[in-house]
Amino acid sequence: MSTVLITGATSGLGRYVAFELVRAGHRVLAHGRDAGRTERLVEELRTEGDADGFVADLASLAQVRELGARVAAARPDLDVLINNAGVGAGSPGGGREVSTDGHELRLAVNYLAPVALTRALLPVLRQNTPARIVNVGSGGQEPLDPDDPEMTRRYDGMSAYCRSKFALAAHTFALAEELAGTGVAVNVLHPATYMDTAMVREAGVSPWNSVADGAPGVLALATGDLESGAAGTGGYFDGTRPARAHEAAYDPRVRERLAAVTEQLLTM
């Protein structure tokens, strides 16, 4: 059985997936932003199986890196990372928000945090192959503007969200190429459209699907038989079905510019 870290586990899709994993016999490392909610979740999970909690605010890159260090030290057997936590588009007409580090909030939490956490945990994952990284993306994708990645001009919450998810998909494909042959598989998926979550309701959208509808794709990529070639690495999935991300996410020139912007933002 696997040892799985899932970010954003205290609500929505993350909470549902955490219970599915622990009930299947996996050891679940549940991340949350709020200490009380994380502690209560772990207590519930432990009635079903093996679980531990980790608290960090993913809007702070220092806390993201500290989270990675704490997980690596506490659970050197980690072999699955699910980057699930995210910030939605916000309320309609809402203004631009920034992270602890001053980055545009959606870019920070939905993209920079998964990149930083993955980097912090890659040494452990490489030691526990076959290992898997699952990036929870979205079908809503819009190419990032490398000249204004923080969207300081003409801000729109939905565009900011879609740009962060585009960046996550493009990064996934680049990382899969970098990790080819290492035994660490990395994939990205759109779990389901407009699931019944707080971020969807905040955006003023009536849910189309339940979180249960979004779980199978995440679970398949996290714990399915990757060695059979059913999932492989470097893929984009719509639920459990192989699909295509935004075409620009496959463009090497776009990914090269994104990588340069990412390095700059992570070191600011």
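What counts and how
Residues numbered from 1 in each chain as written. Predicted model: local features only at pLDDT ≥ 70, side-chain atom pairs only at ≥ 80, totals over all residues. Heavy atoms only, no water. Buried < 20%, exposed > 50% of the residue type's maximum accessible area, 1.4 Å probe, protein only. Helix = DSSP H or I, 4+ residues; strand = E, 2+ residues; numbered from the N terminus. Pairing = 2+ DSSP bridges. Right-handed = clockwise from strand over helix to strand, strands pointing away. Core = buried A, V, L, I, M, F, W, Y, C linked by side-chain atoms within 4.5 Å. Axes fitted to C-alpha atoms, helices over the stretch in contact; angles between N-to-C directions. Parallel < 35°, antiparallel > 145°, perpendicular 65-115°, else oblique. Contact = heavy atoms within 4.5 Å. Nonpolar A, V, L, I, M, F, W, Y, C, P; charged D, E, K, R; others polar. Polar contact = N/O pair within 3.5 Å; in protein donor to acceptor, adjacent residues only side chain to side chain. Expected span 1.5 Å × (residues − 1). Bend = angle between axes of the 7 residues up to and from the residue.

A.B. asks: So what exactly am I meant to see when it comes to the pairing of strand β6 (residues 184-190) here?
C.D. replies: When a strand is regular, its side chains alternate between the sheet's two faces. A large share of β6 lies buried, amounting to seven of its seven residues. By the bridge criterion, six bridges tie strand β5 (residues 131-136) to β6 in an arrangement that is parallel. By the bridge assignment, valine 136 is partnered in β6 with leucine 189. Assessed by its sense of winding, the connection that carries the chain from β5 through helix α5 (residues 157-178) to β6 is right-handed.

A.B. asks: Looking at this model, I keep getting lost on unusual backbone geometry. Mind explaining?
C.D. replies: Glycine aside, a negative phi is what most residues show, and trans is what most peptide bonds show. In this structure, proline 130 follows threonine 129 across a cis peptide bond, with omega equal to 0°. Looking at the element boundaries, proline 130 is found in the loop between α4 (105-127) and β5. One non-glycine residue, arginine 154, lies in positive phi territory at about 50°. Checked against the element boundaries, arginine 154 lands in the loop between β5 and α5.

A.B. asks: Got a minute to help me understand the nonpolar core in this structure?
C.D. replies: Soluble globular proteins: nonpolar side chains tend toward being buried together. Formed by 50 residues in total, the largest nonpolar core has its most connected members in Leu5, Val71, Leu78, Tyr111, Leu121 and Ile133. Where this core is concerned, the elements lending two or more residues are α3 (61-74), α4, β5, α5, β6 and α8 (252-266). In terms of residue count, α4 provides more of this core than any other element does, 13 residues in total. By size, the runner-up hydrophobic cluster in this structure holds 27 residues, among which are Leu21, Val28, Ala51 and Val211.

A.B. asks: What is the right way to look at the packing of α4 against α8 in this model?
C.D. replies: For any two helices packed against each other, one specifies the inter-axial angle together with the distance between the axes. In the contact formed by α4 and α8, the axes pass within 11 Å of each other and the chain directions differ by 85°. Taken together, the axes of α4 and α8 lie roughly perpendicular to each other. Residues Leu107, Tyr111, Leu112, Val115, Ala116 and Arg119 of α4 lie in contact with α8, whose contacting residues are Leu258, Thr262, Glu263, Leu265 and Leu266. A breakdown of the residues in the contact of α4 with α8 according to their chemical character gives eight nonpolar, one polar and two charged.

A.B. asks: How do you make sense of the side chain of threonine 7 when you look at a structure like this?
C.D. replies: Its place among the elements puts threonine 7 in the loop between β1 (3-6) and α1 (12-23). A polar contact is formed between the side chain of threonine 7 and the backbone nitrogen of asparagine 84, at a distance of 2.9 Å.

A.B. asks: Would you explain helix α7 (residues 211-223) in this entry?
C.D. replies: One full turn of an α-helix is made of 3.6 residues, so residues set three or four places apart face in the same direction. With 13 residues, α7 extends 18 Å between its outermost C-alpha atoms, agreeing within 8% with the 18 Å of an ideal straight helix rising 1.5 Å per residue. Residues Val211, Gly214, Ala215, Gly217, Val218, Leu219, Leu221 and Ala222 constitute the buried set of α7. Looking at the buried residues of α7, the elements they touch are α1, β4 (80-83), β5, β6 and β7 (236-238).

A.B. asks: Is there a simple way to explain the sheet that holds strand β3 (residues 51-55) in this structure?
C.D. replies: Spatially, eight strands are ordered β3-β2-β1-β4-β5-β6-β7-β8 in an open sheet, and the strand pairing comes out mixed. Two strands close off the open sheet at either side, each with one partner strand: β3 and β8 (241-243). Going across the sheet, the axis of each strand differs from the next one's by a mean of 25°, ignoring polarity. On top of the sheet, α3 reaches β1, β2 (27-32) and β3; it is set at about 155° to β3, its chief contact. Along the sheet face, α5 touches β5, β6 and β7 and points at about 155° away from the line of β6.

A.B. asks: Looking at this structure, I do not really get the pairing of β1. What am I missing?
C.D. replies: Along β1, one buried face is formed by Thr3 and Leu5 and the opposite face, lined by Val4 and Ile6, is buried too. As judged from the four bridges shared by β1 and β2, these two strands associate in the parallel manner. The partner of leucine 5 across the bridge, within β2, is leucine 29. The β-α-β motif built from β1, the intervening α1 and the parallel element β2 has right-handed crossover chirality. Summarising the sheet, β1 and β4 pair through three bridges and their orientation is parallel. Bridging across to β4, valine 4 finds its partner in valine 80.

A.B. asks: Which parts of the structure should I look at to understand α4?
C.D. replies: Along its 23 residues, α4 runs 33 Å from first to last C-alpha, staying within 8% of the 33 Å computed at 1.5 Å per residue. Taking the largest bend as the criterion, α4 deviates by roughly 50°, centred on leucine 121, and proline proline 123 comes between one and four positions later. The buried fraction of α4 amounts to 18 of the 23 residues, a majority that puts the element mostly inside the structure. The N-capping residue of α4, defined by a side-chain oxygen 3.1 Å from the backbone nitrogen of arginine 106, is glutamate 104.

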